[in-house]
Amino acid sequence: MDEKIFRLDNRVAVVTGGSGGIGAAICKLFANVGASVACVDLDTERVNATAAAIEAEGGRAIALTCDVSSEEQTVAAVQRVVAELGRPTVLVNSIAALDRSGSILEIDLAEWERVHRVNLTGSFLMSRAVLPSMIEAGGGSVIHVSSMNAHVASPGRVSYASTKAALLQLGRVMAVDHAAQGVRVNILSPGPVDTVRIGYRQQGRTEAEKKSSLDRQLFKRLGRPDEVATAALFLASDASSFVTGAELAVDGGATIYKS
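Numbering of residues starts from 1 in each chain and follows the order in which that chain's sequence is written. Selection of residues for local features in this predicted model requires a pLDDT of at least 70, selection of side-chain atom pairs for listing and counting requires 80 or more, and totals for whole chains, interfaces and linings are taken over all residues. Side-chain measures were taken over the full set of non-hydrogen atoms in the model, leaving aside hydrogen atoms and water.

- The name an unreviewed UniProt entry assigns to the protein chain is SDR family oxidoreductase, from the organism Variovorax rhizosphaerae.
- UniProt positions are given in the numbering used here, feature names are shortened, and annotations may be inferred rather than shown by experiment. Of the protein chain, the UniProt comment under Sequence similarities (unreviewed entry) reads exactly: "Belongs to the short-chain dehydrogenases/reductases (SDR) family."

Some points on the nonpolar core
Here is step 1: Core analysis: the largest hydrophobic core is formed by 32 residues, its most contacted members being Ile26, Phe30, Val37, Cys39 and Val92.
Here is step 2: For helices the rule is a DSSP run of H or I covering at least 4 residues; for strands it is a run of E covering at least 2, with both sets numbered from the N terminus onward. Those elements that place two or more of their residues in this core are strand 1 (12–16), helix 1 (21–32), strand 2 (36–41), helix 2 (44–56), strand 3 (60–65), strand 4 (90–93), strand 5 (140–145) and helix 8 (225–236).
Here is step 3: What is meant by a nonpolar core is a set of buried Ala, Val, Leu, Ile, Met, Phe, Trp, Tyr and Cys residues, joined one to another through side-chain atoms within 4.5 Å. Under the scheme applied here, a residue whose accessible area is under 20% of the maximum for its type counts as buried, over 50% as exposed, and between as partly exposed, the area being computed with a 1.4 Å probe on protein chains only. Val40, Val68, Ile95 and Ala129 belong to the second-largest nonpolar core, a separate cluster that totals 28 residues.

A few points about a nonpolar patch on the surface
Here is step 1: The residues that make up patches have over 30% relative accessible area and no salt bridge, and they are joined within 9 Å when like-charged or within 5 Å when they are Val, Leu, Ile, Met, Phe, Trp or Tyr. Reported accessibility uses the Shrake-Rupley method at a 1.4 Å probe radius. Residues are deemed covered only where the shown protein chains occlude them. The salt bridge criterion pairs a side-chain nitrogen of Lys or Arg with a carboxyl oxygen of Asp or Glu, the two atoms within 4 Å. A contiguous nonpolar patch, built from Leu218, Phe219, Ile256 and Tyr257 and spanning about 450 Å² of accessible area, is present on the exposed surface.
Here is step 2: Mapped onto the elements of the fold, Leu218 is located in the loop between helix 7 (207–215) and helix 8.

Thoughts on the pattern of salt bridges
Here is step 1: Enumeration over the complete set of coordinates arrives at 10 salt bridges.
Here is step 2: For Glu71, the salt bridge is made with Arg128, and the minimal N-O distance between the two is 3.2 Å. Of the two residues, Glu71 sits in helix 3 (residues 71–84) while Arg128 sits in helix 4 (residues 109–136), which places them 57 residues apart along the sequence.
Here is step 3: Between Glu111 and Arg114 there is a salt bridge, with its nearest N and O atoms 3.0 Å apart. With Glu111 and Arg114 both in helix 4 and three residues apart, the pair spans about one turn of that helix.

Topic: the packing of aromatic side chains
Here is step 1: Pairing of aromatic side chains requires ring centres within 6.5 Å, counting the rings of Phe and Tyr and the six-membered ring of Trp. Pairs whose planes differ by under 30 degrees are stacked, by over 60 edge-to-face, and all others tilted. Taken as a whole, this structure holds zero aromatic pairs when the rule is applied.
Here is step 2: Against the face of Tyr160 rests Arg157, its NZ or CZ located 4.5 Å from the ring centre. Two conditions define a charge sitting above a ring: the NZ of Lys or the CZ of Arg must be within 6 Å of the ring centre, and it must be within 35 degrees of the ring normal.

Quick notes on helix 4
Here is step 1: Here helix 4 is 28 residues long and its end C-alpha atoms lie 39 Å apart, about the 40 Å a rise of 1.5 Å per residue gives.
Here is step 2: Remark: the principal bend of helix 4, roughly 40 degrees, maps to Thr121.
Here is step 3: Within two residues after helix 4, Gly138 carries a phi angle of roughly 105 degrees, on the positive side. To estimate how far a helix should reach, multiply one less than its number of residues by 1.5 Å. Here the bend at each residue means the angle between axes fitted to two seven-residue stretches, the one ending at that residue and the one beginning there.

Some details on the packing of helix 1 against helix 2
Here is step 1: One can describe the packing of helix 1 onto helix 2 by two numbers: an axis separation of 10 Å at closest approach and a directional angle of 25 degrees. Taken together, the axis directions place helix 1 and helix 2 in an arrangement best described as roughly parallel. Judged by the twist between their axes, the crossing of helix 1 over helix 2 is right-handed. Contacts between helix 1 and helix 2 involve Ala24, Cys27, Lys28 and Ala31 from the first element and Thr50, Ala53 and Ile54 from the second.
Here is step 2: Gly is put with the polar residues, along with every residue not named as nonpolar or charged; the nonpolar set is Ala, Val, Leu, Ile, Met, Phe, Trp, Tyr, Cys and Pro, and the charged set is Asp, Glu, Lys and Arg. Counted by class, the contact of helix 1 with helix 2 contains five nonpolar, one polar and one charged residues. Here the axes come from fitting lines to C-alpha atoms, over the contacting stretch only for helices, and the angles between their N-to-C directions go from 0 to 180 degrees. Oblique is the label for any angle not under 35 degrees, not over 145, and not in the 65 to 115 range, which are roughly parallel, roughly antiparallel and roughly perpendicular in turn. Crossing handedness is defined as follows: a turn of the near helix away from the far one that is anticlockwise and smaller than a right angle gives a left-handed crossing, while the clockwise case is right-handed. Every residue pair with non-hydrogen atoms within 4.5 Å of one another is taken to be in contact.

Describing the side chain of Ser94
Here is step 1: Note on placement: Ser94 falls in the loop between strand 4 and helix 4.
Here is step 2: Polar contact criterion, stated in full: a pair of N or O atoms within 3.5 Å, where within protein one must be able to donate a hydrogen and the other to accept it, and residues adjacent in sequence count only if both atoms are side-chain atoms. Here the side chain of Ser94 touches Thr16 through a polar contact of 2.3 Å, landing on its backbone oxygen.
Here is step 3: Residues contacting Ser94, with those up to four places away along its chain left out, are Val15, Thr16, Gly17, Gly23 and Val145.

Details of unusual backbone geometry
Here is step 1: The phi angle at Asn10 is positive, at roughly 65 degrees, despite the residue not being glycine.
Here is step 2: Tracing the backbone through its elements, the reader meets Asn10 in the segment before strand 1.
Here is step 3: Residue Asn10 is classed as exposed on the basis of its relative accessible area of 80%.
Here is step 4: The backbone phi angle of Lys220 is positive, close to 55 degrees, even though this residue is not glycine.
Here is step 5: By secondary structure assignment, the location of Lys220 is in the loop between helix 7 and helix 8.
Here is step 6: Here Lys220 falls in the partly exposed class, since its relative accessible area comes to 46%.

Quick notes on the side chain of Thr89
Here is step 1: The topology assignment puts Thr89 in the loop between helix 3 and strand 4.
Here is step 2: Contacts of Thr89, omitting those with residues within four sequence positions, involve Arg11, Val12, Met134, Ala137, Gly139, Gly140 and Ser141.

Here you go:
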């Protein structure tokens, strides 16, 4: 197999959630295989650090501070990408808000809307901002980062899980709508990955409880951000040229295994 099929040379990639975790890992891997990367996040300091790390390794990247729930800011961000890097042909919507635990009786409307604005509306708005340039460039690849929680009902995750399930259908409909324009749209669904989100979810848990949670995993460990990034590279690259409207689970078997 030609290894170049997994490269992104001369391509421009926009990655939201680029300040850390899965998003930063995707930014760094994409740059390492030839892409010019726009790292997008609301956390200016950390997203600047991601772009700086890429530049230090000889890659090309810019950092964009952007609230993805704002149509004005997403449009402005993409305009800057086009001006500084060129038309984007890869978009990864990986940003997600930290959600508060609770049932619908415990989550108020403001919390519900906050999580939906970032996770779901943010993916809609960034896709809407990027697609015209992507289509003008002849097509490309859009990847929505969903979650195993789109399939597994975890207690108290009503806001987060509902957004991640909605991303599945957003991606499928976009795949149908834009296939004729050369745009592939797929969904990447990670399981438990060692990120800030896991630390946030485990607050208050004892070490025994944390170990018990890992023991219920097939591989007895959390996933790594780089393991999700390599799956994103497959979906972004020509290696997946006949794949669209699909969901790729990178969850260590979490959604198929009942301990």
